[in-house]
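# Structure assessment
This is what each chain is made of:
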Amino acid sequence: MDENVRLSNFFFRDSRARIDYEYFGDVLSFDTTYRTNKYNLICAHFVGINHHMDNVMFGLAYMSDETETSFQWLFKSFIESMGGKQPETIFTDQCQAMMNAIELVFPSSQHRLCQWHISKNAPSHLGHLNTNQAFKGMFMKCMQSCDSEEECEGVWTKMIHDFVLENHSWLWGMYKIRRKWSTSFSNDRFCAGLKATSRSECTNSILKDGGKKTFTLFEFVKRFQEIQKRWRIKESEEDYKCRHKFLAILVKNQPLLRHAAFVYTLEVYKIFEQELVNSLDIEFDSLPSFMGNPLEFAIRSLGQSTRVRNVTLDVETNEIKCTCHFLRLLECCVDIF
């Protein structure tokens with residue numbers, strides 16, 4: 001309540017959302033939007049990804065402002081209502097008040113900034129560099145293509161030196177928060193392949209579509225529930241398809257594909273199958289040794305890249321790791337095949 005005893009902030013979820021969060025709450029996308037109700041309150045929603053790679057809604061909130069205090073209240077309310085479970089990774093835009101609140105309320109979560117928003121915002125700060133393809137290539141490599149922190153630091157240092165950017169205030173500010181936007185600093189944390197808040201942006205569009213600025217809070221929450229209902233019906237339909245395996249396997253009797261088709265949902269299986277096909281483009285960079293533990297393999301892509309990645313196999317635990325870290329990010333990696 002505000003000083004006039006009027007409702008200013010509230011958070012809403014139903015019982016099913018708690019169950020969904022238990023299953024799919026490892027990755028969280030959070031965003032705010034405007035012009036959805038007659039009171040001009042800010043609408044905020046928590047979105048995740050289910051086992052069919054579709055959006056799932058964990059909750060809805062309205063806030064009177066976007067201060068750090070309001071975000072702290074909202075995030076604490078969300079966590080308490082979900083039994084204290086912290087997400088593995090949370091994606092947001094670059095709002096300082098939001099960033100401060102997340103650091104306090106989600107101390108064990110990896111906070112990632114939306115790369116799409118950064119790319120959209122960067123041109124207003126880069127001036128003549130916007131037309132320099134060499135600079136843009138190095139900046140994008142730092143953002144999403146470096147395998148390790150050391151590689152990212154090296155590329156960034158070279159970029160700053162080559163283009164004489166030691167005094168560039170925006171780039172210096174971005175460097176200070178690099179752990180929130182460069183994938184090389186977060187590739188040990190599960191993120192379901194996300195790099196942006198596009199899931200939230202899509203939800204914003206759906207919430208606004210057919211909605212009215214004259215809606216009361218009751219009318220908007222009712223619309224929110226209708227959208228949830230449609231998404232849950234679709235999830236049930238996809239579950240049915242998975243149980244009855246309406247699936248065409250690329251190589252019908254291939255044991256690995258048959259096992260993947262049995263354990264994965266249809267959408268996740270398609271990702272796995274594509275990675276298996278892509279593995280045909282992989283070769284050993286040097287002759288592997290099958291002695292010792294763990295076994296180590298140096299591999300590279302045929303004719304398209306000079307990048308060499310290292311795959312290790314622990315023969316005692318059967319644990320596989322790759323320096324691309326994609327196995328951890330999306331639970332599937334072309335290099336291990």
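In short, a report on the structure.

Scoring rules and cut-offs
- Residues numbered from 1 in each chain as written.
- Predicted model: local features only at pLDDT ≥ 70, side-chain atom pairs only at ≥ 80, totals over all residues.
- Heavy atoms only, no water.
- Helix = DSSP H or I, 4+ residues; strand = E, 2+ residues; numbered from the N terminus.
- Buried < 20%, exposed > 50% of the residue type's maximum accessible area, 1.4 Å probe, protein only.
- Areas by Shrake-Rupley, 256 points an atom, 1.4 Å probe, with all protein chains shown as cover.
- Pairing = 2+ DSSP bridges.
- Axes fitted to C-alpha atoms, helices over the stretch in contact; angles between N-to-C directions.
- Arc of directions from axis to C-beta.
- Contact = heavy atoms within 4.5 Å.
- Salt bridge = Lys/Arg side-chain N within 4 Å of Asp/Glu carboxyl O.

### Some details on the overall build of the protein chain
If you tally the helices and strands in the protein chain, you get 13 helices and 10 strands. Residues classed as buried in the protein chain amount to 45% of the 337 residues present. If you sum the accessible surface of the protein chain, you get close to 18,000 Å²; carbon and sulfur atoms cover 54% of it.

### Structural notes on the sheet that holds strand β6 (residues 110–113)
The strand order β1-β4-β3-β2-β5-β6 describes an open sheet built from six strands, whose pairing is mixed. With partners counted over all chains shown, the strands left at the sheet margins are β1 (10–12) and β6, one partner each. With strand direction ignored, the average angle separating the axes of adjacent strands in the sheet is 20 degrees. For strand β2 (residues 27–33) and strand β5 (residues 89–92), the ladder comprises three bridges, and the chain directions are parallel.

### A few points about the sheet that holds strand β10 (residues 320–322)
A sheet is described by the order of its strands in space; here four strands give the open sequence β7-β8-β9-β10, paired in antiparallel fashion. Edge positions in the sheet fall to β7 (282–284) and β10, since each of these pairs with one other strand and no more. Between one strand axis and the next, the sheet turns by 30 degrees as a mean value, whatever way the strands run. By the bridge criterion, three bridges tie strand β9 (residues 308–313) to β10 in an arrangement that is antiparallel. Along β10, the bridge assignment pairs T312 with K321.

### Things to note about helix α1 (residues 15–24)
Of the positions making up α1, those classed as buried are A17, D20, Y21 and F24. Down the axis of α1, the buried set is contained in an arc of 100 degrees. They therefore lie on one face. Facing away from the buried side of α1, by more than 90 degrees, are the exposed residues S15 and Y23. Next to the buried residues of α1 lie β2, β3 (42–49), β4 (55–63), α2 (68–81) and α10 (217–244).

### Describing the pattern of salt bridges
Per the stated rule, a full pass over the model turns up 14 salt bridges. With a closest N to O distance of 3.0 Å, R16 and D20 form a salt bridge. Here D20 and R16 lie together in helix α1, a separation of four residues that amounts to about one turn. In this structure, a network of salt bridges that share partners links the residues D14, R16, D20, R232 and E235.

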